[in-house]
Amino acid sequence: MSLLQCTPGATHPPPELAPLVSVVIPCYNSARYLGETIESVLAQTFARVEIIVVDDGSTDATSEIAQSYPVQYVYRTNGGISAARNTGVVHSRGKYLLFLDHDDRLLPVAIEVGVKCLEERPECAMAVGEHRYIQADGTEIGYSRKHTTGRDHYEELLEHNFIETPCSVLHRRSALESTGLFAERVQGAEDYELYLRTARQSPVITHDTPVAEYRLHEANISGDAERMFMVSLEVLKMELPYLQGDREKLRMHRRGVRFVQRQFGRRLTRELIGNRQPSEENRRKLGVLWRNYRAGWLAVMASRLLPARLVNRLIMAQVHPNEYARSAQPIENLSAG
């Protein structure tokens, strides 16, 4: 795979010659942030953008908010984020596509920079920029610092999902059609699976321009640690048939497995240390730790022997947004078709 770097410039094609870019926004009960998200697309410096809002069966004011803006609104029965994204692709017309979650925001030059990169490098499937982390109220708390320029991006993805958030990626439509869309059967890390599948087959461009703001709030920081742990390991397992005989890629794969074990195994460990109830669910989660993160299992078992006050001190540090932002977190979503 070619190792490519895109250096954004300031050239602007005439609006009538600019390619169309489709921004797909999947939604489910998204009234809180959806207006901000749509407005960030309307504020782009790039001329030709269409917005497709896919309402995945919302029961709040998502429909009213979406349709108050100049967007293509599509309603569908709830089927999950990957199905919603894939539906958006079906309704889109753009040469390039960007998937923007309902609670995130684009920075004004996001599409302009991504298009320039992909127009200059027609062999590349994706252009990946930097992103900022923001709190629920929009306050900035840090940068992604991906540091992947000049590296083998497939190997980097095997080690961890450095892309992290879909809104930092601009996709070439023809590459998506060739590689395939989001895998709807992989509930929980669909974006990671798609990036691995794409980078395995095509070159990827990375650049250091901030293009998006990834909002950290309780819903996406906590998540379902058990599900994310198992799905993330499954996504990496799916790559093994493509790595046989390549020692370096197998080494990066092993590092990726350890990264997932630490990332989600530690979350699951905290959860179980804080919940001593002898339930069937907790026994199942203990089994997950036993099979996949033995250090976490030992920590949970040791906590059963400690006084409650000491245990509380051990678990009082739930993942703070700043720590989450610095941890180069991998996959937080998964489904495909």
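Structural notes, computed from the coordinates.

### Section: a positive patch on the surface
Point 1. On the surface, a cluster of positive charge is made up of Arg247, Arg254, Arg258, Arg262 and Arg266.
Point 2. Tracing the backbone shows Arg247 in helix 10 (residues 247-273).

### Describing the nonpolar core
Point 1. One finds Leu157, Ile163 and Phe229 to be the most contacted residues of the largest nonpolar core, which totals 37 residues.
Point 2. Those elements giving two or more residues to this core turn out to be strand 7 (126-134), helix 5 (153-159), helix 7 (190-201), helix 9 (225-239), helix 10 and helix 11 (280-292).
Point 3. With seven residues, helix 9 is the largest single contributor of residues to this core.
Point 4. If we skip the residues at most four places from it in the chain, Phe229 touches Val260, Gln261, Phe264, Gly265, Leu268, Val288, Leu289, Asn292 and Tyr293.

### Looking at the packing of aromatic side chains
Point 1. With the rule as written, the count across this model stands at three aromatic pairs.
Point 2. Note on Phe99 and Phe182: the rings are 4.9 Å apart at their centroids and 85° apart in plane angle, and the pair reads as edge-to-face. In this pair, Phe99 sits in strand 5 (residues 96-99) while Phe182 sits in the loop between helix 6 (173-179) and strand 10 (183-184), placing the two residues 83 residues apart along the sequence.
Point 3. Ring centres 6.1 Å apart and planes at 40° place the aromatic pair Tyr133 and Tyr214 in the tilted group. Of the two residues, Tyr133 is situated in strand 7 and Tyr214 in strand 11 (residues 204-215); the sequence distance between them amounts to 81 residues.
Point 4. On the basis of relative accessible area, Tyr133 is assigned to the buried category, the value being 0%.

Analysis parameters
- Residues numbered from 1 in each chain as written.
- Predicted model: local features only at pLDDT ≥ 70, side-chain atom pairs only at ≥ 80, totals over all residues.
- Heavy atoms only, no water.
- Patch = residues over 30% accessible without salt bridge, like charges linked within 9 Å, V, L, I, M, F, W, Y side chains within 5 Å.
- Areas by Shrake-Rupley, 256 points an atom, 1.4 Å probe, with all protein chains shown as cover.
- Salt bridge = Lys/Arg side-chain N within 4 Å of Asp/Glu carboxyl O.
- Lys, Arg positive; Asp, Glu negative; His and termini not counted.
- Charge placed at Lys NZ, Arg CZ, Asp CG, Glu CD.
- Helix = DSSP H or I, 4+ residues; strand = E, 2+ residues; numbered from the N terminus.
- Core = buried A, V, L, I, M, F, W, Y, C linked by side-chain atoms within 4.5 Å.
- Buried < 20%, exposed > 50% of the residue type's maximum accessible area, 1.4 Å probe, protein only.
- Contact = heavy atoms within 4.5 Å.
- Phe/Tyr/Trp six-rings, centres within 6.5 Å; stacked < 30°, edge-to-face > 60°.

Everything listed is a geometric property; what it means functionally is a separate question.
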